[in-house]
Amino acid sequence: MKKWIRRALGAAVALTLTAGLLSGCGSAEDPVQDVMGYPGSTVMFTVNGNDVTAEEYLFWLAQNADQAQSYMSMVDTSTLEEGQTVWDMPLQNDMTAGESVKTAAQQYATLYNVVEAHGQEGGYAYTDEDKAAYQEDLAATIEQVGGQEAFDIWLKSMCLTAQGFEDISAVSYINNHMAEGMFRDGTDQAPTAEDLRSYAQENDILAAKHILLMTVDAATREPLPQEEIDQKRATAEDLLAQLQAITDPAELETKFDELMNQYSEDTGLATNPDGYVFTSGEMVEPFEEGTRALDYGQISGIVESDYGFHIILRLDPAEDETIRADWQFSQLNELSTQWVDEAEIVTTETYDNLDVGDFYDKLTAYRDALNTTDEAVEEETEQVEQSTDAQAEEPQSQETEGDAQSEEAQSEEAQSEEDQSDAQDTQSQGTAEEAGDGQSDSQA
């Protein structure tokens, strides 16, 4: 029992060390304060009267600065004057690199602000169901990045708290609700069949189902024996004949689905039961070209590819839910861009005085401290665990020695009881109890 208690205490010490080292880098609650010296709740600017805080803005600034830094690391800096940095490099839009990054981050923060505001006006909210979905997505993200500690460090490295991360994510859920609700059937903004077909054509989006009879081994991609290939061709011809005998479009698709589910050997059928939506270069060329050659609702002849024999049914974009969803988001994106362009932005002195180069230097130093802390925590934890294991063995040997001494004392006491009188026995018993108490104190 003592061994397990010491292990638990060792784990607690390790956690204490972790907390201490992290607090040495700064507050876990407000990374903006740690980096910039002012709270994350500091207002940077307003959008149509709504506050955008430092936490909201600096997340986007960190993201844009990281991308810019990656690009600028490959740029020739020999033209810079003494004392200038890559952030001072002039760009084609008469801005420096730093000013461009600063403005881009403001645009992102503004976009999220106006989308949330318009969503609230339209009755679209971050629901309890969304929160449950967010928790599932969050758990998957944490596992993907290597655990809770790694995720917490990433949050800090982007000037975010856990709540700030959820707040930003919540806008994405609101955006989804708006796309689905604003353009649903029955509303003035619902798409017509022609809208969806034009959208698919303009963006070169194709939709199709197919029945595939494979002429290669699904695992090795090696050709099947010629006899099996001939049998597959005969089956394909029989299926095609059945489909060509049908003239009613609705009946044709119903029969196509029936035969597809019964005969198709496409390994992607289970995950794409309603067919494929794709654009140029995403499918094998014979399949793509075979689809392009068809009118909506028309079936192909037998199309042969490296995979086998295909019978293709081209789908109408006006009836495809994936294309409809794409169209809805494209319309909302156009509206969002308009909202950003029309937004009234009023900056504060804190924003006006913000220098991107200074911010990125501070952020880089903070990230270095976080990484150093992470390595130190791992080292300290390992040392504590090793020390704990070594200490855990000592009580066990002491207990064994104490048990042997106790047994010897009990044996002597028993012998004494047999040889001495009742009076002597009473006196001996009191002495043994005193000796036992002394021994217990020594062990304690």
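Since the model is a prediction, treat every value here as computed from it, not as a measurement.

## A look at the side chain of Thr-53
If you trace the backbone, Thr-53 turns up in strand β2 (residues 50-53). Apart from the residues within four sequence positions on either side, Thr-53 is in contact with Gly-40, Ser-41, Thr-42, Val-43 and Met-44.

## Points about helix α3 (residues 54-72)
Taking 1.5 Å as the rise per residue, α3 with 19 residues should run 27 Å; its terminal C-alpha atoms sit 25 Å apart, in good agreement. For α3, every residue scored as buried is listed here: Ala-54, Glu-55, Tyr-57, Leu-58, Phe-59, Trp-60, Leu-61, Ala-62, Asn-64, Ala-65, Ala-68 and Met-72.

## Focus on a negative patch on the surface
On the surface, Asp-51, Glu-56, Glu-116 and Asp-167 cluster together into a patch of negative charge. If you trace the backbone, Asp-51 turns up in strand β2. By relative accessible area, which is 44% here, Asp-51 ends up partly exposed.

## Topic: the sheet that holds strand β3 (residues 206-214)
Spatial strand order, β4-β3-β6-β5: four strands in an open sheet with antiparallel pairing. With partners counted over all chains shown, the strands left at the sheet margins are β4 (276-278) and β5 (299-304), one partner each. Each neighbouring strand pair of the sheet contributes to a mean axis angle of 35 degrees, computed without reference to strand direction. In terms of strand pairing, β3 meets β4 through three bridges, oriented antiparallel. Bridge pairing in β4 places Leu-206 opposite Phe-278. The sheet strands contacting helix α10 (residues 249-263) are β3, β5 and β6 (308-314), and the helix crosses β3 at an angle near 40 degrees.

## Side note on the nonpolar core
Membership of the largest hydrophobic core comes to 87 residues, with the highest contact counts inside it found for Tyr-57, Leu-58, Leu-61, Trp-87, Leu-354 and Phe-359. Take this core: its biggest share by element is 10 residues, from α3. Dropping the residues within four chain positions of it, Leu-61 is found in contact with Val-101, Lys-102, Ala-105, Leu-354, Val-356 and Phe-359. Judged by nonpolar contacts, the second largest core, of eight residues, contains Leu-206, Ala-208, Phe-287 and Ile-312.

## Some thoughts on the pattern of salt bridges
In the structure shown here, the tally under the stated rule is 12 salt bridges. Between Glu-288 and Arg-292 there is a salt bridge, with the nearest N and O atoms lying 3.2 Å from each other. Here Glu-288 and its partner Arg-292 are both found in helix α11 (residues 285-292), four residues apart, which amounts to about one turn of the helix. Relative accessible area serves as the criterion here: at 7%, Glu-288 is assigned to the buried category. For the salt bridge of Asp-358 with Lys-362, the shortest nitrogen-to-oxygen distance reads 3.2 Å.

## Description of the environment of Gln-120
For Gln-120, the position within the fold is in helix α4 (residues 97-121). Taking the C-alpha atoms as reference points, Gln-120 and Ile-174, 54 residues apart in sequence, are found 8.5 Å from one another.

## Some points on the confidence of the model for the protein chain
Here the protein chain shows a mean pLDDT of 83. Residues at 70 or above account for 77%. In this model, residues 1-27 is a region of pLDDT below 50 whose contacts with residues beyond four sequence positions or in other chains number 32 contacts. Taken together, the stretch residues 394-444 has pLDDT below 50 and engages in 12 contacts with residues farther than four places along the chain or on a different chain.

Parameters and conventions
Residues numbered from 1 in each chain as written. Predicted model: local features only at pLDDT ≥ 70, side-chain atom pairs only at ≥ 80, totals over all residues. Heavy atoms only, no water. Helix = DSSP H or I, 4+ residues; strand = E, 2+ residues; numbered from the N terminus. Contact = heavy atoms within 4.5 Å. Expected span 1.5 Å × (residues − 1). Buried < 20%, exposed > 50% of the residue type's maximum accessible area, 1.4 Å probe, protein only. Patch = residues over 30% accessible without salt bridge, like charges linked within 9 Å, V, L, I, M, F, W, Y side chains within 5 Å. Areas by Shrake-Rupley, 256 points an atom, 1.4 Å probe, with all protein chains shown as cover. Salt bridge = Lys/Arg side-chain N within 4 Å of Asp/Glu carboxyl O. Lys, Arg positive; Asp, Glu negative; His and termini not counted. Charge placed at Lys NZ, Arg CZ, Asp CG, Glu CD. Pairing = 2+ DSSP bridges. Axes fitted to C-alpha atoms, helices over the stretch in contact; angles between N-to-C directions. Core = buried A, V, L, I, M, F, W, Y, C linked by side-chain atoms within 4.5 Å. pLDDT = per-residue confidence, 0-100.

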